[in-house]
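# Tertiary structure, described
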Amino acid sequence: MTPKRGDRVTVPPPDDEWDVLFGTSEAVKGWQELCRLALANTRRCLRALRTDPCSRAHPLRQHRLRGTWRCTGTTGSCWSSGSTR
């Protein structure tokens, strides 16, 4: 079964980690392409998103989401550095 908007990116996370969901069908295609081209880096990205999505450990590589990208499509809630699970 092909994933679609709102589906989990991968298996459910442990209780102490964030759940990562696809926001759009374009995100599904992009994620699949990333996995095909750079699996190890994509795996590290998923690990970082699950454990500490608001991390600022690498400011030159990690940028805050802007505009419509910072709000979820399903709930309309916006992310900030103080967000909670």
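Residues numbered from 1 in each chain as written. Predicted model: local features only at pLDDT ≥ 70, side-chain atom pairs only at ≥ 80, totals over all residues. Heavy atoms only, no water.

Disulfide: a covalent bond formed between the sulfur atoms of two cysteine residues. Per the stated rule, a full pass over the model turns up zero disulfides. No disulfide involves Cys 35; its sulfur sits 9.5 Å from the nearest other cysteine sulfur, which is in Cys 45. (Disulfide = S-S within 2.5 Å.)

For the rest of this paragraph, the subject is a positive patch on the surface. A cluster of basic residues, Arg 43, Arg 44, Arg 47 and Arg 61, forms a positive patch on the protein surface. Mapped onto the elements, Arg 47 comes out in helix H2 (residues 39-51). (Patch = residues over 30% accessible without salt bridge, like charges linked within 9 Å, V, L, I, M, F, W, Y side chains within 5 Å. Areas by Shrake-Rupley, 256 points an atom, 1.4 Å probe, with all protein chains shown as cover. Salt bridge = Lys/Arg side-chain N within 4 Å of Asp/Glu carboxyl O. Lys, Arg positive; Asp, Glu negative; His and termini not counted. Charge placed at Lys NZ, Arg CZ, Asp CG, Glu CD. Helix = DSSP H or I, 4+ residues; strand = E, 2+ residues; numbered from the N terminus.)

Put simply, helix H1 (residues 25-37) and H2 touch, their axes get as near as 5 Å, and they point 125 degrees apart. One element, H1, and the other, H2, form an angle in the oblique class. Contact residues: H1 offers Trp 31, Leu 34, Cys 35 and Leu 37, while H2 offers Leu 39, Thr 42, Cys 45 and Leu 46. For the contact of H1 with H2, the class distribution of residues is seven nonpolar, one polar and no charged. (Axes fitted to C-alpha atoms, helices over the stretch in contact; angles between N-to-C directions. Parallel < 35°, antiparallel > 145°, perpendicular 65-115°, else oblique. Contact = heavy atoms within 4.5 Å. Nonpolar A, V, L, I, M, F, W, Y, C, P; charged D, E, K, R; others polar.)

Counting six residues, the largest nonpolar core is built from Val 9, Val 20, Phe 22, Val 28, Trp 31 and Leu 46. Not counting residues within four places of it along the chain, the set of residues in contact with Val 28 comprises Pro 3, Lys 4, Arg 5 and Phe 22. (Core = buried A, V, L, I, M, F, W, Y, C linked by side-chain atoms within 4.5 Å. Buried < 20%, exposed > 50% of the residue type's maximum accessible area, 1.4 Å probe, protein only.)

In low-pLDDT regions, the fine details of the predicted coordinates are not to be read closely. In this model, the chain carries a mean pLDDT of 78, and residues with pLDDT of at least 70 account for 71%. In this model, residues 81-85 is a region of pLDDT below 50 whose contacts with residues beyond four sequence positions or in other chains number 10 contacts. (pLDDT = per-residue confidence, 0-100.)

Turning our eyes to something else, we now look at the side chain of Arg 50. Take Arg 50: it is sitting in helix H2. One buried charged residue, Arg 50, forms no salt bridge at all, with the nearest opposite charge on Glu 17 at 4.2 Å. A polar side-chain atom of Arg 50 sits 2.2 Å from the main-chain carbonyl oxygen of Val 11. Discounting chain neighbours no more than four positions away, the residues touching Arg 50 are Thr 10, Val 11, Pro 12, Pro 13, Pro 14, Glu 17, Trp 18 and Val 20. (Polar contact = N/O pair within 3.5 Å; in protein donor to acceptor, adjacent residues only side chain to side chain.)

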